Amino acid sequence: ETGVGTAVRRLPAWRVCIHVRQSRSSSWHDSLLDWYRQHDDGRVLCGVDSSQMQAFVDAWPDSAGARPATIGVPDGSAMIDVLAKAFAADTGFDLIYIDAECAVAPDWDVLLARAVCDREGVGVASPLCAASPLFSPFSGEKPAWMDVGHVQRWLTHLARGQVFEVPAVLNCCAYWRASALV
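Thresholds, definitions, all that
- Residues numbered from 1 in each chain as written.
- Predicted model: local features only at pLDDT ≥ 70, side-chain atom pairs only at ≥ 80, totals over all residues.
- Heavy atoms only, no water.
- Helix = DSSP H or I, 4+ residues; strand = E, 2+ residues; numbered from the N terminus.
- Contact = heavy atoms within 4.5 Å.
- Areas by Shrake-Rupley, 256 points an atom, 1.4 Å probe, with all protein chains shown as cover.
- Polar contact = N/O pair within 3.5 Å; in protein donor to acceptor, adjacent residues only side chain to side chain.
- Salt bridge = Lys/Arg side-chain N within 4 Å of Asp/Glu carboxyl O.
- Buried < 20%, exposed > 50% of the residue type's maximum accessible area, 1.4 Å probe, protein only.
- Core = buried A, V, L, I, M, F, W, Y, C linked by side-chain atoms within 4.5 Å.
- Pairing = 2+ DSSP bridges.
- Axes fitted to C-alpha atoms, helices over the stretch in contact; angles between N-to-C directions.
- pLDDT = per-residue confidence, 0-100.

## Re the overall build of the protein chain
A tally of regular secondary structure across the protein chain gives six helices and six strands. Going from N to C terminus, the protein chain has its helices and strands arranged as β-α-β-α-β-α-β-α-β-α-β-α. For the protein chain, the share of sequence-separated contacts (at least 6 apart) that also reach a separation of at least 24 residues comes to 74%. Working note: accessible area of the protein chain is about 10100 Å², and carbon and sulfur atoms make up 53% of it.

## Notes on the environment of Arg-43
The residue Arg-43 is located in the loop between helix 1 (30-38) and strand 2 (44-49) in this model. Taking C-alpha positions, Arg-43 is 8.4 Å from Pro-68, a pair spaced 25 residues apart along the chain. Contacts of Arg-43, omitting those with residues within four sequence positions, involve Trp-14, Arg-15, Val-16, Trp-35 and Asp-109. A polar contact of 2.9 Å, which involves the side chain of Arg-43, links it to the side chain of Asp-109.

## Things to note about the pattern of salt bridges
All chains considered together, the criterion is met by three salt bridges. Linking Arg-43 and Asp-109 is a salt bridge whose minimum nitrogen-to-oxygen distance equals 2.9 Å. Linking Arg-43 in the loop between helix 1 and strand 2 with Asp-109 in helix 4 (residues 108-117), this pair joins segments that are 66 residues apart in sequence. The class of Arg-43 is buried, set by a relative accessible area of 13%. Of the residues examined, Asp-109 reaches a relative accessible area of 1% and is grouped as buried.

## What to know about the nonpolar core
Ranked by size, the top nonpolar core spans 28 residues in total, and within it Val-16, Ile-18, Trp-28, Leu-32, Trp-35, Ile-98 and Trp-108 carry the most contacts. Among all residues touching Leu-32, those that are not within four sequence positions of it are Ile-18, Ile-98, Asp-99, Ala-100, Cys-102, Val-104 and Trp-108.

## Here's the deal with the sheet that holds strand 5 (residues 124-125)
Spatial strand order, 3-2-1-4-6-5: six strands in an open sheet with mixed pairing. Strand pairing shows two members of the sheet lacking a second neighbour, strand 3 (69-73) and strand 5, which therefore form its edges. One ladder, built from five bridges, connects strand 2 with strand 3; its direction is parallel. Pairing of Cys-46 across the sheet is with Thr-70, part of strand 3. The strands that helix 4 touches are strand 1 (14-20), strand 4 (94-99), strand 5 and strand 6 (173-176); relative to strand 6, the one it contacts most, it runs at about 50°.

## With respect to the confidence of the model for the protein chain
With 70% of its residues at a pLDDT of 70 or more, the protein chain has an overall mean of 78. Predicted confidence is poor over residues 1-8, with pLDDT under 50, and the contacts of this stretch with residues over four places away or in other chains come to five contacts.

## Some remarks on the pairing of strand 4
Summarising burial for strand 4: six of the six residues are buried, a large majority. Residue alternation in strand 4 divides its side chains into two sets, Asp-94, Ile-96 and Ile-98 and Leu-95, Tyr-97 and Asp-99, and both sets are buried. Across six bridges, the pairing between strand 1 and strand 4 is parallel. Paired with Cys-17 across the strands is Tyr-97, a residue of strand 4. Pairing between strand 4 and strand 6: four bridges, direction antiparallel. Directly across from Leu-95, in strand 6, lies its bridge partner Trp-176.

## Remarks on the side chain of Arg-21
Within the secondary structure, Arg-21 is located in the loop between strand 1 and helix 1. In this structure Arg-21 comes out as buried when scored by relative accessible area, which is 18%. A distance of 2.5 Å separates polar atoms of two side chains, one belonging to Arg-21 and the other to Asp-99.

Okay, here's the thing in structure tokens:
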């Protein structure tokens, strides 16, 4: 990030591990696929449940560009199992785990990287998420008219740079420092 009178802040390199689960379709959320189209730079790895591998390969849309590298994971794998396999395949980098069906904002990965990398001693960060009461920015249901973009703009305006310490990790999306995975 640069600006007048500010130093250039460098974020570490990270990889994104997208988990395609057996219990769901082999498709990605549209917003995540849009993000991938803009970031097809070799840093995405898909952890695909073994029973979904062929469906994932067959269903990959040509419009999305090159299919990302894949690793097979046992059906029903939990986040930590997928992370362990991804870390073993691409050791040395911070990893972001995300479920393929998650809706994301355009710069979701950079926001998570900053949340971790701007603070010493933070090893893992999860985004606010209306799907989980513990991580939700809402006291009740998210208003139906709010999409991911609305929520991001709203949170950016109200909570710019704030971090909320929660002694848990969201099981569908989290940024992990490489040192926290060792």
